[in-house]
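Okay, here's what each chain looks like letter by letter:
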Amino acid sequence: MKNNSRETRTVIVAALAVTMFTVSAAQAAITLSGDNRFLSASAEQIRPTGSSFSGPFTRTPAFGADQFGSVSAGVYRNNCEIYARSFQDSMVRSDFIKAAGNFEAGSLTPAGFTGTAKVVNRVEFTFTLNAGDFWQIRGTSSGNGFFEFYDPNGTLLLANSGIIGGAAITTGTYRLVAGDNANGNGQATTSGGQDLFGGAYDVRFEIIPTPGTVALGGIVSMMTLGTRRRRN
């Protein structure tokens, strides 16, 4: 009877530890409040006898919807190469936000021809974290690509490259911005010659488990394993 009673207590303690961990993880969640994403590409050629256009072609996802796709435009005639391309992979979940993309605008024209390629790649998420939520953000960028992460006070916490983490002191709204650094005016333009504008970015924000909860789960597991070894 003594051994059966001891075994029952062990099972109850282990089950309680799992329940506590699950509840804590569910409380820490991203609440999306703003979503501003936009892709655009266009190309234009002006020649002595007229002009040719391609686009603008645009893409805007619904609020909070996943986006994986691109837009492109191009004019290829009279020895001209005028093109624009913009790609984005972005999504929001309760425990993470992902934003990655690349873009390029190029113009190559002979004398007497003018080429203009324009590209836009924009991501802006605003979201709420609760006081005590632990988070981490990491990312990279290149060329004319960028990202910026702001706290509820508007303080810039991380930009363009690196990794940082912390805990929300109070419940508040954070902002993540990424894309091309031309604020909608990225372009390559030539009147005889070559010009390029392009870049890339890749950033991920995520909620991480509360350190205290993880430690508690580990202690309970050790107690459970120790009890079983002594019983055998």
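Residues numbered from 1 in each chain as written. Predicted model: local features only at pLDDT ≥ 70, side-chain atom pairs only at ≥ 80, totals over all residues. Heavy atoms only, no water.

(A) Structural detail: the overall build of the chain. Within the chain, the secondary structure is distributed over two helices and eleven strands. In the chain, the order of α-helices and β-strands from amino to carboxyl end is α-β-β-β-β-β-β-β-β-β-β-β-α. Across the 232 residues in the chain, those meeting the buried criterion constitute 39%. Here the contacts in the chain between residues at least 6 apart in sequence split such that 72% fall between residues at least 24 apart. For the chain, the accessible surface area stands at approximately 12100 Å², while carbon and sulfur atoms represent 54% of it. (Helix = DSSP H or I, 4+ residues; strand = E, 2+ residues; numbered from the N terminus. Buried < 20%, exposed > 50% of the residue type's maximum accessible area, 1.4 Å probe, protein only. Contact = heavy atoms within 4.5 Å. Areas by Shrake-Rupley, 256 points an atom, 1.4 Å probe, with all protein chains shown as cover.)

(B) The arrangement of the side chain of Ser42 in detail. Residue position: Ser42 is located in strand β1 (residues 31-47). When its relative accessible area of 15% is taken as the criterion, Ser42 is described as buried.

(C) Structural context of the pattern of salt bridges. Tallied over the full model, the rule gives eight salt bridges. A salt bridge links Arg93 to Asp66; its shortest N-O distance comes to 2.9 Å. Of this pair, Arg93 sits in the loop between β4 (80-92) and β5 (96-129) while Asp66 sits in the loop between β2 (50-59) and β3 (67-77); the two residues are 27 residues apart in sequence, bridging distant segments of the chain. Residue classification places Arg93 among the partly exposed residues on the basis of a relative accessible area of 33%. With its nearest N and O atoms 3.1 Å apart, the salt bridge here joins Glu124 to Arg122. Residues participating in the shared-partner salt-bridge network are Arg122, Glu124 and Arg175. (Salt bridge = Lys/Arg side-chain N within 4 Å of Asp/Glu carboxyl O.)

(D) Expanded view of the nonpolar core. Core analysis: the largest hydrophobic core is formed by 40 residues, its most contacted members being Ile97, Phe127, Leu129, Ile137, Phe149 and Phe205. Only β1, β3, β4, β5, β6 (134-143), β7 (145-150), β10 (172-180) and β11 (186-208) provide two or more residues apiece to this core. Among the elements that make up this core, the one with the highest residue count is β5 (eleven residues). If we ignore the near neighbours within four places in the chain, the residues touching Ile137 are Phe149, Leu158, Gly162, Ile163, Ile164, Leu176, Val203, Arg204 and Phe205. (Core = buried A, V, L, I, M, F, W, Y, C linked by side-chain atoms within 4.5 Å.)

(E) Structural context of the packing of aromatic side chains. In this structure the tally under the stated criterion is ten aromatic pairs. Geometrically, the ring pair formed by Phe68 and Phe87 is edge-to-face, given 5.3 Å between the ring centres and 90° between the ring planes. With Phe68 in strand β3 and Phe87 in strand β4, the pair connects residues that are 19 residues apart, well separated along the chain. Residue classification places Phe68 among the exposed positions, given a relative accessible area of 61%. Accessibility expressed as a relative area gives 21% for Phe87, which makes it partly exposed. Centroid distance Phe149 to Phe205: 5.4 Å. Interplanar angle 40°. Geometry classified as tilted. Note that Phe149 is positioned in strand β7 and Phe205 in strand β11, a separation of 56 residues in sequence. Neither residue differs from the other here; Phe149 and Phe205 are each classed as buried. (Phe/Tyr/Trp six-rings, centres within 6.5 Å; stacked < 30°, edge-to-face > 60°.)

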